Amino acid sequence: MPTQIALHDVTVTRGDRPLLDTVSLAVRPGERIGIVGENGAGKSTLLRLVAGLEPPDEGRAVLTTDGGTGYLGQTPALPPDRTVQHAIDTALADLRRIEHRLRDLEAVLADATPAQLDEYGDLLTLFELRGGYEADARVDRALHGLGLEDLDRGRLLGSLSGGEQARLGLACLIAAAPEVMFLDEPTNHLDAAALAWLEDALLAHRGTVLAVSHDRLFLQRVATAIVEVDADRRTLVRYGDGYGTFLAAKAAARRRWEQEYDQWCDEIGRLTAYAAGTAHEVAQGGAMKDNNKMAYGRDKGRVQSSVSSRVRNARERLRRLHDQPVPRPPDPLRFRAAPDAGGTDGILVRLDGVRVGDRLAVEALTVSAGERLLVHGANGAGKTTLLRVMAGLTAPDHGTVARRGRIGFLAQEIPVSRPAEPLLAAFRRGLAGDPEELTALLLSFGLFRERDLHVPVGALSAGQRRRLALARLLARPADLLLLDEPTNHLALALVEELEEALAAWPGALVVVTHDRLLRRRFAGDPYEIRDGRPVLAGC
């Protein structure tokens, strides 16, 4: 099958930060590629490269398509002084152009030249393949499916909210049905019904789709292959057969790493014991037989020479093994319970009559040891405010908050208060322990490499800052974890590992998340908030 999209030895740098280093990629017609990687790895840049919207610093990007392309960024570029109908007409302009040309050719078909007949046939085939006759009906279906059926088409685009603009841009692109679609985080701003509609629409699309996404369920349903942007190695890794293969490959790579480390340790131990034991035997020597001093000396010399040579070879192999060590695989993520605080059956947090402006109003809420709550609600409902009040970071205007035990809090946004501070120093700050032990502890999580430890916090990407905050949380024993969108900005393999760590966590847990898979798998009680007020309290 021919290649429709290709990168050849592409290198990209943004500012002084290299993103991609001599990477290549091939995408065949009809594939649906999910592009994944942590925040700041270069996913959006990759999408714009393959869409032809940005040139690489080095190498070539090739896109071949007869049926047009459509690109939708995270923030659609909609002119604020134009109307909704204008956005729709712009999206369908290519189909309208083809349709108008068909009408012009139909008017002269009786006397058409062979070239005109060929053009008409080619355009008609393309128009039908792109569903040109159903374009207006597709607009209506897309607006309805994305929750915009009541949107006034005469309304100015500048008056729409960010979420409405994103959904309108998505509806226009789906309706236009270009042969190749480029989508950057298309699941943002969508509720469950709109997500299901989008997934079905992309599955029905007969062309090629490349979508940057952090939504694991979306990737499970839609992607036929995964391309990971590896920020550490500045390369692309392709996984065929969708998200399940991606996870299986990650798990297999982990097993290989563990096996290689075990083999390295075994070989070190074996060679060390052999070299020491054999050298000792050579030093001991053997008994002389038949009082034959000349033969004894000759044989002993040959034996000692042979054994010494084997000892030297063993030591040389040891040296090479030590020069090229296999690093110890990080332990699986595990949150540390605090056995000496909070008790096992007590209330850890109690809210009574709490008010925070017009953002939060909670008459009564308790979280006991071992209890698990999933806080959900629309954007702006007050979920983050609730967690900050529980953590003691936001003081209520009215009411009381009582806390007991140790509380670990992971904020949705990670501020940078000391941009020049090295990563290692930021991790150690406030933690008790020997500096070398704390360094080893940070590296044991597998969230950073040794070369990252002295990078200033201000130079870290959002994903790296998220990992640093997670590392500090892992390092502190806790009775209660308060996590605000814990999967944000993280690579998906790490999200899977984090989810396993939360499932194994024995303490109390309160989570705010939009991650559909985490919510589906969460074992605990729901706690819904609307306009700052609880609707459905946990059991």
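Here the residue numbers are simple positions, counted from 1 along each chain's written sequence. Two thresholds apply to this predicted model, a pLDDT of at least 70 for residue-level local features and 80 or more for giving and counting side-chain atom pairs, whereas whole-chain, interface and lining totals are computed over all residues. As a rule here, side-chain values come from all non-hydrogen atoms in the structure, and water together with hydrogens is ignored.

1. So, the overall build of the protein
To qualify as a helix, a DSSP run of H or I must reach at least 4 residues; to qualify as a strand, a run of E must reach at least 2; elements of each kind are numbered from the N terminus. For the protein, the count of helices and strands is 16 helices and 18 strands. What you see for the protein is a C-alpha radius of gyration of 31 Å, clearly larger than the 24 Å of a compact globule of 539 residues, by over 25%. Seen along its three principal axes, the alpha-carbon backbone of the protein occupies a region of about 120 × 75 × 40 Å. The contact definition used throughout considers only heavy atoms, calling two residues in contact when any of these lie within 4.5 Å. Contacts spanning at least 24 positions in sequence make up 72% of the contacts within the protein whose residues lie at least 6 apart. The globule rule used here is 2.2 Å times the number of residues to the 0.38 power, and the radius of gyration it is set against is calculated over C-alpha atoms.

2. Things to note about helix H5 (residues 135-145)
Of all the positions in H5, only Ala135, Arg138, Val139, Ala142, Leu143 and Gly145 are classed as buried. The buried residues of H5 occupy one face: seen down the axis, they fall within an arc of 165°. Structurally, H5 contributes buried residues whose contacts are with helix H2 (84-91), helix H3 (93-106), helix H6 (162-176) and helix H7 (192-204). Between buried and exposed lies partly exposed: a residue is buried under 20% and exposed over 50% of the maximum accessible area for its type, with that area taken using a 1.4 Å probe on protein chains only. Note: the arc covers the axis-to-C-beta directions of the helix.

3. What to know about the layout of surface pockets
Space inside and on the surface of the protein is sampled on a 1 Å grid over the protein atoms alone, with a cavity defined as a set of points where a 1.4 Å probe fits but cannot get out and a pocket as an open set with protein on both sides within 12 Å along at least 5 of 7 lines; lining residues have an atom within 4 Å of a point. Grid points are joined across faces, edges and corners, and a volume is the space filled by probe spheres set on the points. Estimated volume of the largest pocket: approximately 1700 Å³. Taken together, 44 residues line the largest pocket, and the ones lying closest to its centre are Lys250, Trp257, Pro330, Gly446 and Arg449. Contributions of two or more residues to the lining of the largest pocket are made by strand E8 (225-230), strand E9 (235-240), helix H9 (242-284), helix H13 (435-444) and helix H15 (492-504). Ranked by residues supplied to the lining of the largest pocket, first place goes to H9 with 10 residues. Partitioned by chemical class, the residues of the lining of the largest pocket number 23 nonpolar, 3 polar and 18 charged. Note that Gly is not counted as nonpolar here; it falls among the polar residues with everything else outside the nonpolar set of Ala, Val, Leu, Ile, Met, Phe, Trp, Tyr, Cys and Pro and the charged set of Asp, Glu, Lys and Arg.

4. Examining empty space enclosed by the protein
Enumeration according to the criterion identifies 2 cavities of 30 Å³ or more in this entry. When its volume is computed, the largest cavity comes out at roughly 80 Å³. What lines the largest cavity is simply Leu72, Gly73, Gln74, Ala166, Arg167, Leu170, Asp184, Glu185, Pro186, Asn188, His189 and Leu190. When the residues that make up the lining of the largest cavity are grouped by side-chain class, the tally is 5 nonpolar, 4 polar and 3 charged. What lines the second largest cavity is Arg32, Ile33, Gly34, Val209, Ala211, Phe218, Leu219, Val222 and Ala223.

5. What to know about the nonpolar core
In this structure, Leu168, Leu202, Phe335, Phe427 and Leu442 are the most contacted members of the largest nonpolar core, which totals 89 residues. Looking at which element gives the most residues to this core, the answer is H6, with 8 residues. Ignoring sequence-local partners within four residues, the contact set of phenylalanine 427 consists of Leu438, Leu441, Leu442, Phe445, Leu468, Ala471, Arg472 and Ala475. Take the buried Ala, Val, Leu, Ile, Met, Phe, Trp, Tyr and Cys residues and link them wherever side-chain atoms come within 4.5 Å; each set so joined is a nonpolar core.

6. Structural notes on unusual backbone geometry
One non-glycine residue, threonine 22, lies in positive phi territory at about 55°. Of note, threonine 22 is situated in strand E2 (residues 17-27).

7. Some details on the confidence of the model for the protein
One confidence number per residue, pLDDT, is output by the predictor and ranges from 0 to 100. On average, the protein scores 88 in pLDDT, and the residues at 70 or more come to 92%. Within the protein, helix H10 (residues 293-323) has the poorest average pLDDT of any element, 71, and strand E7 (residues 208-212) the best, 97.

8. Comments concerning the sheet that holds strand E3 (residues 32-36)
In spatial order, the strands read E5-E6-E7-E3-E8-E9; together these 6 strands make up an open sheet with mixed pairing. Of all the strands in the sheet, just strand E5 (69-72) and E9 have a single pairing partner and so form its edges. Geometrically, the sheet is characterised by an average inter-axis angle of 15° between neighbouring strands, direction not taken into account. As defined by bridge partners, E3 adjoins E7 across 4 bridges and the pair is classed as parallel. Its bridge partner lying in E7, arginine 32 is registered against valine 209. Strand pairing is assigned whenever DSSP detects at least two bridges linking the two strands. To get an axis, a line is fitted to the C-alpha atoms, and for a helix only the part in contact is used. The angle between two axes follows their N-to-C directions and goes from 0 to 180 degrees.

9. Side note on the packing of aromatic side chains
Pairing of aromatic rings covers Phe, Tyr and Trp, the last through its six-membered ring, and needs centres within 6.5 Å; plane angles under 30 degrees mean stacked, over 60 mean edge-to-face, and all others mean tilted. Taken as a whole and assessed by the stated rule, the structure comprises 6 aromatic pairs. With 5.1 Å between their ring centres and 80° between their planes, tyrosine 239 and phenylalanine 246 make a pair best called edge-to-face. Residue class for tyrosine 239 comes out buried when judged on its relative accessible area of 12%. Ring geometry for phenylalanine 335 versus tryptophan 505: centroids 6.3 Å apart, planes at 75°, classification edge-to-face.

10. Let's talk about the sheet that holds strand E10 (residues 347-356)
The sheet built from 3 strands is open, its strands ordered E11-E10-E13 with antiparallel pairing. The open sheet has two edge strands with one neighbour each: strand E11 (360-368) and strand E13 (398-403). Each adjacent strand pair in this sheet contributes to an overall mean axis angle of 10°, direction not counted.

11. Considering the pattern of salt bridges
Side-chain pairing between opposite charges can occur once the charged atoms of the two side chains come close. Any carboxyl oxygen of Asp or Glu that lies within 4 Å of a side-chain nitrogen of Lys or Arg is treated as forming a salt bridge with it. In this structure the tally under the stated criterion is 35 salt bridges. The residue arginine 233 makes a salt bridge to aspartate 230 at a minimum N-O spacing of 2.9 Å. Residue classification places arginine 233 among the exposed positions, given a relative accessible area of 51%. Aspartate 230 gets classed as buried once you look at its relative accessible area, which sits at 13%.

12. Things to note about the side chain of glutamate 38
For glutamate 38, the position within the fold is in the loop between E3 and helix H1 (43-50). The class of glutamate 38 is buried, set by a relative accessible area of 8%. Excluding residues that lie within four positions of it along the chain, glutamate 38 makes contacts with Lys43, Ser461, Gly463, Gln464, Arg467, His489, Leu490 and Ala491.

13. Topic: the pairing of strand E14 (residues 407-410)
Side-chain alternation along E14 places Gly408 and Leu410 on a buried face and Ile407 and Phe409 on a face that remains uncovered. Bridge count for E14 against strand E15 (residues 480-484) is 4 bridges, and the pairing is parallel. Among the inter-strand pairings, isoleucine 407 is bridged to a residue of E15, identified as leucine 480.

14. Description of the environment of leucine 502
Looking at where leucine 502 falls in the secondary structure, it is placed in helix H15. A relative accessible area of 4% places leucine 502 in the buried class. Linking leucine 502 and arginine 256, residues 246 residues apart in sequence, is a C-alpha distance of 25 Å. Setting aside its immediate chain neighbours within four residues, leucine 502 contacts Phe335, Arg372, Leu483 and Leu509.

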